[in-house]
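Structural features, examined
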Amino acid sequence: MNHLKEIDLKQFGIIIDRFKDIKGPLIPILHEAENLYGYIPIEIQNLISQKLKISNAEINGVASFYTMFHTEPTGKYQIGICTGTTCHLNGSSKLLKHLEQSLDIKEGETTSDGQFTIIPVKCIGNCDVGPNITVDGRVHNNMNIKKLDKIIEDLSKR
Amino acid sequence: MNQKILDQMKNNFLKTNPIFTTPKNVHPLEQRIVLKNYQVIDPESIIEYIAKDGYQSISKALKMTQEDVVNEVIKSKLRGRGGVGFPTGLKWKFALEYESDEKYVICNADEGEPGTFMDRHILEGDPHNNIEGMMIAGYAIGATKGYIYVRAEYPLAAARLQKAIYDAKELGILGNNIFDTNFNFNIEIRLGAGAFICGEETALMESIEGKRGLSRNKPPFPAQIGLFEEPTIINNVETIASITSIITNGGEWYKKIGTEKSTGTKVFSLSGKTKNNGIFEIPMGISLREVIYNIGGGMKEGSTFKAAFTGGPSGGVLDETHLDVIIDFDSLVKYSSIMGSGGIIIADQNNCIIDTIKHFMEFNADESCGKCTPCREGTTILYNMLDDITKGKSSMEDLEKLKHLAHVVSSTSLCGLGQAAPDPIFSAIRHFYDEFVDHIKHKVCKAGVCDMPVTKGGE
Amino acid sequence: MEKLIKFKIDGVEYNAKENETVLDVCKKNDIFIPTFCHDDRFASEAACRMCLVETSNSNKLMTSCTLIPTEGVEIQTNSDIVLEARQEVLKLTWASHPNDCVVCEADGNCKLQDYMYYYDIPSEKEYNIEVRDFEIDDSNKFFYIDPSKCILCGKCINVCDQLVGVGALSFNERGKDTYVSFAFNKGMDFSTCVSCGNCVSVCPTGALVEKSHTKFRTKETRKVRTTCPYCGVGCQFNLVLKGDTVVRVDPINTTPNEGLLCIKGKFAYRYINHPNRLKSPLIKKNGVFYEATWEEAYTLIVNKISQAKKTYGSSAFAGLTSAKCTNEENYLFQKFMRIIFGTNNIDHCARLCHASTVTGLATTLGSGAMTNSISEVKNHDVIFVIGSNTTETHPVIGSFMRQAKKSGAKIIVAEPRKIDLAKEADLFVQIKPGTNVALLNGMMNVIYNENLYDKEFIRKRTENFDDFIKVVKQYPPERCAKICGCSVDGIIEAARIYAAGEKAGIYYAMGITQHSNGTNHVKSIANLAMLTGNIGKESSGINPLRGQNNVQGACDVGGLPDVYPGYQKVHLPEVKAKFEKAWGVKLSDEIGHSLLSHITHGAKDHSIKFLYIMGENPIVSDPDITNVKEALNNMNFIVVQDIFLTETAQYADVVLPASSYAEKDGTFTNTERRVQRIRKALDPIGDSKPDWVIIQELMTLLGYPQHFNHPSEIMDEIASLSPIYAGINYDRIDKIGLQWPVHNKNHPGTKYLHKDKFSRGLGLFTPIEYLGAKELPDDEYPLTLTTGRVLYHFHTRTMTGKCTRINELVPNNFIEINQITAKKYKLDDMEEVIIKSRRGETTAEVHITDIIGDNIIFMPFHFADGANMLTNVVLDETCDIPELKVAACEIVKKS
Ligand SMILES: Cc1cc2nc3c(=O)[nH]c(=O)nc-3n(C[C@H](O)[C@H](O)[C@H](O)COP(=O)(O)O)c2cc1C
Ligand code: SF4
Ligand code: FES
């Protein structure tokens, strides 16, 4: 996927131009960048700033407001443990603690090998079948520690 | 596209494929209006939607005056399903009255409230119904542009909406001169990016405009100065999904469903320690007991009912003495809770009320946009106070302080998040006072959740 | 009739105008409401929640900063509920705020501290939350951001974004993690910050604080209101002083700057207390300066004047007055020259900047000044900027242009360089230096051919249209595009956008005026405005932006060789009679020499023997420095009066120490013709004296006693002799200055000129042919040199060069060239090179940029022995302005 893709300003310039005619194009463009690179590099923020005539400070401010946008590179896989209420009542905080321990990082951080980032996830609307986790946005239901370990193990082997 | 072609398409389809799937697990208490096509049609097929009388309502609406459409909605007494329950027709009336070259309709599909997932099912199951509802809203107030703000956590809903918009455009349903009238309407999808506050209507508009999702002070209300400073109506997914049926069957028909002040049906999402979790659509007026023991099939094996959380992190908590309370917009308020957008979470003996309230407060503090002082600072301080309680570090005096600050935050905050964030505290103290006393005085968490100096089981 | 809403505040009835908030009404009526986030200049965000009030029609507390009262509503600003809410909001604000007032720079200048005191909030924390702990960003030279002390009111961001138009700051993260920072939180290198310090001025706490040079507590300071000594905008501010040292500058939210300042106004004040200030008179003996007493200096000067008068007669004297001195001083100076020396040989550096404006607009319209007001900038629908780098040279006006753009105005920029404003503009036409007339004729050709001109206006208010249009017809855009080196479409579009404007304003500066046919350039501008009827209305007109703080005033009060105060011509007998009568002496009716024609370039005929210079620095500012040096070396006697030993002062025989603007009273006239007060804030440094005192004492010693007790009395004399200043006195301009013409003591001043009728009667269309610059690139000198200013320096750096931090930003001479030119000469960025022209050579650092065209060199004119070693002294025939904007030159590699 997106991991450590080389930054191509020309290519991204074309992407920005696609949004030229819509009103309020910033967030869709930031999504594009996040999808392409796994984060929003400074060069890209500056490019967006020039093209949209929005100050780079504002772009940075917007990017840092939304949890789905990252301003530093993220890991190859983004793992999220749902911390919604129902998942919480069903023990998701234990899952999170377990994952933090086994990957030796905190929520929001990336493993030193660049493999995994634990992203904060608030309720993903699958409460009836929780606790849930997400792997690169895909939801896995009825999670427990064993299943979680297996998923991480499988990903590490890939 | 015109009426004739639409009818033809419907008839041709019915001739060759007369049978639709029957949805599974429809409870006998249910009445499906919003969910009329849910699991009935293929959500990715516009033809199936049309065959189920799809796009007939907008066609009908276009033959009415804008005022008449608004009046029909007023007559239905439909109240917004996004949580606050503001009369939808009235909102539309305001927007119609403000003159402007450009107006907007926004469908709020940000559904960020934990334990709530009906909007996801509605959109995934019947996206065209929402598009049609937005078109009617657009026509009614004089807007030509609609936005659906979908949280990015719902990729399937977004994809299905995208396909639905594409198909509707292809068929000439969306676009210019709809049904040979001079009504033009287009819809754009916008994805959220992980900020609960963007479900709040003004923050949502900021987000569409490409800004940080900071709430705006009201007034002015969106109907007056909204998106891109134009008059805007913003409605919840379920509200919009109710519109087609209201136009087809009339406001009078709708008004008769449900209770007097809360008309129509409500889609609830049930989760937690009940057996049958999921969504169901019920006429307003059902009791909590029926939700849990009838529809929910009772508590799970080994679980005893302890509490029901309604209205999410800014709602409240009810105990077993409230089982016969009716769930609608107004009834729960007496018990310091709200129906909110219809998420019901059932807790059992192994769940700690204070821990859950603390969890809500953590959520609110995390999701506070940070613009206004009381919410930004207050939610975190409230969290710290609750945290102290769950760690056995508080005195009964601190409980008074907690209540006091809760009042301050709710009365001085800028938007709904801060104003409602302390609410769970009020109902928890009211209905589970003993549990506070246990934690504070006896340093005991009977549910065994909190890390108390003395753990587990109590005595 | 305006609708008024009647309602009650604390039981008393008040009226609100439409859209007025409760806070507005409270402010007007001195009802105290605490606020952190509110600022009158932008829409309230209601973020801080300090201003909550109770209202009778809601059970919720409402923010008064956003609350529009309804008829009959009753507001409580002082009830127990309100007081408690305020106290609680304060406690919450305080909860995460570092408790270090004792050592905080903002102590005594902090709203949080003040409100805590008024509302009895103990410093002991009531609520438990982590105290904000962020890293300080001190990458800016002038101030630092300490996000820990920030209360997130957002004013700094709003000021930077909405008012200044730069947007260098933003909130980052969210919730309690929110903090204010430059982009990417990586310091200045990543930021678009221009160090204007307006964020510092609005910060209510110690989060954004100037890096002070002097330790001071606010309670030790005092404030003196005055006018900025830098550019022609004439910003109003308070000098904040501890003892006799200026420690800070606080902008005032009033006309014309509305609370904004630029980096120079805000931070370039250190020169006032600089150790190198001249503190006593100096007399040169054998090439060396010796300190002297005033008496010795005066005696020497008086003797020399008498000698020279006997030997050479009046025509051997010349005086340079100063665009940096007050109106009163300039008035006295010209009086001194005219009475004591009997000569009209008076000039100053207005000759170098807007001489062509004065002549060009006087002949076509009748007066040579900005037709509109600065406050009208925001309301244009089209802004056409040509030959002005507004955001750098008149930063506050530049900000107002950006505000205009935010509210929908279109901006057209025509310039040889893609300046900052060009990047934001709706249309940028990049033209070669010196080709303005071709561009303007091309635009007018399009406007005429596309029938976009205002026939009614032309018929009623102008003359000579037919002759004029004949010439315009010769300039189809295709021809002009070739001359200008721009696209045909650019010209056509510029014409259409400008002509479509109902409230179009033209803004120009030295890119238009500094040409050997500068007067023509100016007249061409007048043609364009009249062709479309975009003049004589509010927010519609021609606006030459005057460079120095008082260059407008120095001209107004007669610092020119051909006119007395008020532009009354010296050669007209009735005028001469009027002044002879008033002053009681015989006067000369011979028009004097202009600056360059004989004074600073008089070397060849040696006609000027005695030169008296007040606050001018021709050795840096005038073209062809070699020539100027020769001229000064050939003088018999030179007196220089200045605050520093400038490059020019080195050539003097006597140097008199003058006081800076902060040490005296007086008035400056800004670019919008507004006469504004400056006020004495500290005693003259050392033995220095205000310029007016020096001149008055000399006049008295020379037999024409002058005994003004205060500059206000000089202003009264100016008003009595100059009709455009007739209604001005110090009482009337105490708070807000007046814009001339002010015909009498009841006249309110003139917001914009030429309403209904031009000053000269009918507006005069002038046929203008494109002539081009006198010296064009050739084989020997294949590059075009153009000069200009930078944001961080003022004129010849006499003042800004003494402010170390400012100077560090642009410490030495440089050139801007593009990649192609750099490649041709194999130059690297930052390499030092020699630039040569037919006049001489200089060294400069190479800055490679993409904002300039091929084979064009831009060089700032601020540096001694810099650009003006190269510039061409060829003069405009009508007004003697030199062609500073175009010269042929060549680059030579150093090694
Ligand atoms: C913090 C906060 C979050 C909200 N989130 C949502 C949401 O996710 N979906 C929604 O429909 N309404 C949400 N609302 C309510 C909206 O502000 C708004 O009232 C609603 O979209 C109006 O639609 P309705 O009238 O159809 O209910 C939220 C409100 C607040 C204060
Ligand atoms: S830095 Fe100052 S002005 Fe800016 S938000 Fe913080 S406290 Fe307000
Ligand atoms: S001044 Fe009204 S909320 Fe800040």
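Residues numbered from 1 in each chain as written. Chains lettered and ligands numbered in written order. Predicted model: local features only at pLDDT ≥ 70, side-chain atom pairs only at ≥ 80, totals over all residues. Heavy atoms only, no water.

Assigned secondary structure in chain B consists of 18 helices and nine strands. Relative to the 2.2 N^0.38 estimate, which gives 23 Å for 459 residues, the radius of gyration of chain B is 23 Å and therefore close to what a compact globule would have. Each principal axis of the C-alpha distribution contributes one length, and for chain B these read about 75 × 45 × 35 Å. For chain B, buried positions account for 66% of its 459 residues. The long-range share in chain B, meaning contacts at least 24 apart out of those at least 6 apart in sequence, stands at 71%. (Helix = DSSP H or I, 4+ residues; strand = E, 2+ residues; numbered from the N terminus. Rg over C-alpha atoms; globule rule 2.2 N^0.38 Å. Buried < 20%, exposed > 50% of the residue type's maximum accessible area, 1.4 Å probe, protein only. Contact = heavy atoms within 4.5 Å.)

What follows covers the overall build of chain A. Across its full length, chain A carries seven helices and four strands. Listed N to C, the secondary structure of chain A is α-α-α-α-β-α-α-β-β-β-α in terms of helices and strands. Residues classed as buried in chain A amount to 56% of the 158 residues present. As presented, chain A carries roughly 7300 Å² of accessible surface, and 50% of it is formed by carbon and sulfur atoms. Across chain A, 18 positive and 19 negative side-chain charges occur, with their mean positions spaced 5 Å apart. (Areas by Shrake-Rupley, 256 points an atom, 1.4 Å probe, with all protein chains shown as cover. Lys, Arg positive; Asp, Glu negative; His and termini not counted. Charge placed at Lys NZ, Arg CZ, Asp CG, Glu CD.)

What follows is about the confidence of the model for chain B. Residues and elements named next belong to chain B. Of the residues in chain B, 99% have a pLDDT of 70 or more, and the chain-wide mean is 95. Within the model, the stretch residues 455–459 combines pLDDT values under 50 with five contacts to residues more than four positions away or in other chains. The complex model carries a pTM of 0.94, and its ipTM stands at 0.94. (pLDDT = per-residue confidence, 0-100.)

Let's shift gears to a nonpolar patch on the surface. A contiguous nonpolar surface patch, about 460 Å² in accessible area, is contributed by Val-84, Phe-86, Leu-90, Phe-94 and Tyr-98 of chain B. Exposure remark for Leu-90 of chain B: the relative accessible area of 35% places this residue in the partly exposed category. (Patch = residues over 30% accessible without salt bridge, like charges linked within 9 Å, V, L, I, M, F, W, Y side chains within 5 Å. Salt bridge = Lys/Arg side-chain N within 4 Å of Asp/Glu carboxyl O.)

All right, on to the interface of chain B and chain C then. Counting residues at the interface gives 30 residues for chain B and 31 residues for chain C. Carbon and sulfur atoms supply 53% of the area buried between chain B and chain C, which totals about 2500 Å² over both sides. Considering only the side of chain B, the residues that lose the most area to chain C are Arg-212, Arg-376 and Glu-377 of chain B, jointly responsible for 21% of the buried surface there. In this structure, the connection of chain B to chain C is made through two salt bridges. With a closest N to O distance of 3.2 Å, Glu-45 of chain C and Lys-371 of chain B form a salt bridge. Summed over the shared surface of chain B and chain C, the number is 18 residue pairs in polar contact (both at pLDDT 80 or more). Among the secondary structure elements, those contributing two or more residues to the side of chain B that touches chain C are helix H13 (353–367), helix H14 (373–390) and helix H15 (396–412) of chain B. In terms of residue count, H14 of chain B provides more of the side of chain B that touches chain C than any other element does, ten residues in total. (Buried area = accessible area lost by both parts, 1.4 Å probe. Polar contact = N/O pair within 3.5 Å; in protein donor to acceptor, adjacent residues only side chain to side chain.)

All names here are of chain B. When the terminal C-alpha atoms of helix H1 (residues 3–16) are compared, their 20 Å separation across 14 residues agrees well with the 20 Å that a helix rising 1.5 Å per residue should span. Considering only its buried residues, H1 is in contact with helix H2 (46–51) and helix H3 (56–63). In this structure Asn-2 caps H1, since a side-chain oxygen of it lies 3.1 Å from the backbone nitrogen of Lys-4. (Expected span 1.5 Å × (residues − 1).)

This paragraph deals with the packing of H3 of chain B against helix H7 (residues 127–141) of chain B. Residues and elements named next belong to chain B. Taken N-terminus to C-terminus, the directions of H3 and H7 make an angle of 10 degrees; their axes are 9 Å apart at the nearest point. In terms of orientation, H3 and H7 fall into the roughly parallel class. Here Gln-56, Ser-57, Ile-58, Ala-61 and Leu-62 of H3 lie close against H7, whose contacting residues are Glu-132, Met-135, Ile-136 and Tyr-139. Looking at the contact of H3 with H7 residue by residue, the class counts come to six nonpolar, two polar and one charged. (Axes fitted to C-alpha atoms, helices over the stretch in contact; angles between N-to-C directions. Parallel < 35°, antiparallel > 145°, perpendicular 65-115°, else oblique. Nonpolar A, V, L, I, M, F, W, Y, C, P; charged D, E, K, R; others polar.)

This paragraph deals with the site of ligand 1. All names here are of chain B. Around ligand 1 lies a shell of 19 residues, among which Gly-82, Lys-91, Asn-235, Asn-236 and Thr-239 are the nearest. At 2.9 Å, a side-chain N or O of Lys-91 approaches an oxygen atom of ligand 1. Between ligand 1 and the protein, one listed contact pairs an oxygen atom with a backbone N or O atom of Glu-111 at 3.0 Å. Calculation on ligand 1 without its partners gives an accessible area of 610 Å², and the protein chains cover 89% of this total. Elements with a minimum of two residues in the shell around ligand 1: strand S4 (232–236) and helix H16 (416–420). Top contributing element to the shell around ligand 1 by residue count: S4, with three residues. Each residue belonging to the shell around ligand 1 can be placed in one class, and the counts come to four nonpolar, nine polar and six charged. (Near = heavy atom within 4 Å.)

Taken residue by residue, helix H25 (residues 625–633) of chain C has Ile-625, Asn-627, Val-628, Ala-631 and Leu-632 of chain C as its buried positions. Buried residues of H25 of chain C, viewed axially, fall in a sector of 155 degrees; they line one side. (Arc of directions from axis to C-beta.)

The next subject is the nonpolar core. Formed by 85 residues in total, the largest nonpolar core has its most connected members in Phe-143, Leu-239, Tyr-271, Met-401 and Tyr-661 of chain C. The element that contributes the greatest number of residues to this core is helix H4 (residues 155–164) of chain C, accounting for six residues. Ignoring sequence-local partners within four residues, the contact set of Phe-143 of chain C consists of Phe-182, Cys-193, Ser-195, Gly-197, Cys-199, Val-200, Leu-208, Val-209, Glu-210, Lys-211 and Phe-267 of chain C. Within the second largest apolar cluster, 74 residues are counted, among which are Val-105, Phe-183, Ala-223 and Tyr-254 of chain B. (Core = buried A, V, L, I, M, F, W, Y, C linked by side-chain atoms within 4.5 Å.)

Interfaces are often sized by the amount of accessible area the parts lose when they come together. Listed per partner, the contact involves 48 residues of chain B and 30 residues of chain A. Together, Ala-193, Arg-212 and His-359 of chain B form the three largest contributors to the area buried by chain B at its contact with chain A, with a combined 19%. The interface formed by chain B and chain A includes two salt bridges. Linking chain B with chain A are 19 residue pairs in polar contact (both at pLDDT 80 or more). Counting only elements with at least two residues in the side of chain B that touches chain A, the list comes to strand S2 (145–150), strand S3 (186–191), helix H9 (201–208), strand S5 (265–272), strand S9 (343–348) and H13 of chain B.

Inspection of the region around ligand 2 gives Cys-150, Ile-151, Leu-152, Cys-153, Gly-154, Cys-156, Val-180, Cys-203, Pro-204, Thr-205, Ala-207 and Leu-208 of chain C as its neighbouring residues. Classifying every residue of the shell around ligand 2 by side-chain character gives ten nonpolar, two polar and no charged.

Attention now moves to the pattern of salt bridges. Residues and elements named next belong to chain B. In the structure shown here, the tally under the stated rule is 80 salt bridges over all chains. Notably, a salt bridge pairs Asp-330 with Arg-79, separated by 3.3 Å at the nearest N-O pair. Here Asp-330, found in the loop between strand S8 (316–318) and S9, pairs with Arg-79, found in the loop between helix H4 (66–76) and helix H5 (88–97); they are 251 residues apart in sequence, far enough to count as distant. Classification of Asp-330 as partly exposed rests on a relative accessible area of 32%.

In this section: unusual backbone geometry. The omega angle of the peptide bond from Pro-219 of chain B to Pro-220 of chain B is 0 degrees, so this bond is cis rather than trans. With respect to the helices, strands and loops of the structure, Pro-220 of chain B is situated in the loop between H9 and S4. The omega angle of the peptide bond from Trp-740 of chain C to Pro-741 of chain C is -5 degrees, so this bond is cis rather than trans. Considering the arrangement of structural elements, one finds Pro-741 of chain C in the loop between strand S30 (738–739) and strand S31 (763–764). In this structure, Tyr-55 of chain B is a non-glycine residue whose phi angle is positive, near 65 degrees. With respect to the secondary-structure elements, Tyr-55 of chain B resides in the loop between H2 and H3. By relative accessible area, Tyr-55 of chain B is classed as buried at 0%.

The next thing to look at is the packing of aromatic side chains. In total, this model carries 46 aromatic pairs over all chains according to the counting rule given. Relative to Phe-185 of chain B, the ring of Phe-183 of chain B lies with its centre 5.7 Å away and its plane at 20 degrees, an arrangement referred to as stacked. The class for Phe-183 of chain B is buried, based on a relative accessible area of 7%. Exposure remark for Phe-185 of chain B: the relative accessible area of 0% places this residue in the buried category. An aromatic cluster of three or more residues is present, and its members are Phe-317, Phe-333, Phe-336, Phe-341, Phe-610, Tyr-612 and Phe-637 of chain C. The ring centre of Phe-268 of chain B lies 5.9 Å from the NZ or CZ of Lys-266 of chain B, which sits over that ring. Positioned over the ring face of Phe-644 of chain C is Lys-802 of chain C, at 4.3 Å from the centre of the ring. (Phe/Tyr/Trp six-rings, centres within 6.5 Å; stacked < 30°, edge-to-face > 60°. Lys NZ or Arg CZ within 6 Å of the ring centre and 35° of its normal.)

So, on to the domain arrangement of chain A. Domain parsing of chain A yields domain 1 (9–65) and domain 2 (77–156). If you average the C-alpha positions of domain 1 of chain A and of domain 2 of chain A, the two centres end up 29 Å apart. (Domains from an automatic or database assignment.)

Our next topic: the environment of Gly-511 of chain C. All names here are of chain C. Tracing the chain through its elements places Gly-511 in helix H19 (residues 510–513). We classify Gly-511 as buried; its relative accessible area is 14%. Separated by 127 residues in sequence, Gly-511 and Ile-638 place their C-alpha atoms 32 Å apart. Excluding anything up to four places from it in sequence, Gly-511 contacts Gly-387, Asn-436 and Lys-885.

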